[in-house]
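If you want the building blocks of each chain, they are given just below.
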Amino acid sequence: MPYISDRTVHDADSHVMEIPHWLDEFGTKRVVDQFNARFRREKPNFYTDLVKKHEAANFGPEDEDRVMGLKNHQAIGAFRAEDRSTALDLMGVKTQLVFPTSTNVWLETLEHGDDLDLLYETASATNRSQIEFCRHDERLLPVGYVSLADLDRASATAKEALELGVKALLVPWACPLNHATSHIKLDAVWSQAVDASVPVLLHVGLADRVLP
């Protein structure tokens, strides 16, 4: 029996937990190189062992009792799309908004940097990876990232994300460096979301900046 069986639940806060080489198929060379370098600075053996563990796990109905206890990279379906479907079956949720995680943290940092080309290239690669992870199961609703740092490119990024098929637009929690989130030129982003009947979300949480 699923963890939830007596009501209809739409999960509004799930994540994909990226691993090394996550953006290899979707990003420019420098996005891929810098993304993978971030993992090499962390615990490379951890991810190698993690992938092997998930590949050998063969998750199924017998994991019903622990689906809610495994978290982050250990969770069922953390980064394997086929296992995420199993997790939904075990949890009993009808749909699940799927946010990026490590790419989101990186993007939030790039928002206040001086390399806007890298920022928007990373946003595009992230959104394409979100679509790929969710495409096999209509219950998985990919959340796409829209950078607001550049008033003109923000609209183009929203357009690309919506054309890819994202089901929600994620904007950074912190205001852009040089203008307000309410700047009139960003109306082009909000109007696209309205026209597409797609919600605009921000993920409450901190990357590496704390407001005074």
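Small disclaimer: the values here were computed from a predicted structure and weren't measured.

Draft legend 1. Representation of unusual backbone geometry within the structure. At asparagine 72, a residue that is not glycine, the phi angle is positive and equals roughly 55°. Structurally, asparagine 72 can be placed in the loop between α2 (44–57) and α3 (81–91). The class for asparagine 72 is exposed, based on a relative accessible area of 54%. Of note, the phi angle at serine 197 is positive, near 55°, even though the residue is not glycine. On the secondary structure map, serine 197 appears in the loop between α7 (187–196) and β5 (200–202). Taking relative accessible area as the criterion, serine 197 reaches 67% and is therefore assigned exposed.

Draft legend 2. Representation of the side chain of histidine 179 within the structure. Inspection of the secondary structure assignment puts histidine 179 in the loop between β4 (168–171) and α7. The residues contacting histidine 179, other than those within four sequence positions of it, are Leu148, Ala149, Asp150, Leu151 and Leu186.

Draft legend 3. How the structure looks around the packing of helix α6 (residues 153–164) against α7. Their axes nearest at 8 Å, the elements α6 and α7 cross at an angle of 20°. Considered as vectors, α6 and α7 are oriented roughly parallel to each other. Here α6 and α7 pass one another in a crossing that is right-handed. Between α6, through Ala154, Ser155, Ala158, Lys159 and Leu162, and α7, the contact on the second element is made entirely by Ala188, Val189, Gln192, Ala193 and Ala196. Residues belonging to the contact of α6 with α7 are distributed by class as follows: seven nonpolar, two polar and one charged.

Draft legend 4. Structural view of the layout of surface pockets. A volume near 410 Å³ is recorded for the largest pocket. Elements that contribute at least two residues to the lining of the largest pocket include exactly β1 (10–15) and α3. Considering every element that reaches the lining of the largest pocket, the biggest residue donor is β1, with four residues. When the residues that make up the lining of the largest pocket are grouped by side-chain class, the tally is nine nonpolar, four polar and four charged. Its boundaries defined by the atoms lining it, the second largest pocket holds a volume of some 200 Å³. His21, Trp22, Asp24, Glu25, Phe26, Phe79, Arg80, Ala81, Ser129, Glu132 and Phe133 are the residues that line the second largest pocket. Broken down by element, the residue count for the lining of the second largest pocket peaks at three residues, all from helix α5 (residues 116–134). Split by residue class, the lining of the second largest pocket holds five nonpolar, two polar and four charged.

Draft legend 5. View of the sheet that holds β5. Ordered in space as β1-β2-β3-β4-β5, the five strands form an open sheet in which the pairing is parallel. A strand with exactly one partner marks an edge of an open sheet, and here the two such strands are β1 and β5. Averaged over all pairs of adjacent strands, the angle between their axes in this sheet comes to 35°, without regard to strand direction. Both strand β3 (residues 140–145) and β4 contribute to a ladder of three bridges, which runs parallel. Across the sheet, residue valine 143 finds its bridge partner in β4, namely alanine 168.

Procedures and definitions
Residues numbered from 1 in each chain as written. Predicted model: local features only at pLDDT ≥ 70, side-chain atom pairs only at ≥ 80, totals over all residues. Heavy atoms only, no water. Helix = DSSP H or I, 4+ residues; strand = E, 2+ residues; numbered from the N terminus. Buried < 20%, exposed > 50% of the residue type's maximum accessible area, 1.4 Å probe, protein only. Contact = heavy atoms within 4.5 Å. Axes fitted to C-alpha atoms, helices over the stretch in contact; angles between N-to-C directions. Parallel < 35°, antiparallel > 145°, perpendicular 65-115°, else oblique. Left-handed = near helix turned anticlockwise from the far one by under 90°. Nonpolar A, V, L, I, M, F, W, Y, C, P; charged D, E, K, R; others polar. 1 Å grid on protein atoms, 1.4 Å probe; cavity = no way out; pocket = protein on both sides within 12 Å on 5 of 7 lines; lining within 4 Å. Points joined across faces, edges and corners; volume = space filled by probe spheres on them. Pairing = 2+ DSSP bridges.

Keep in mind these numbers describe shape, not what the thing actually does.
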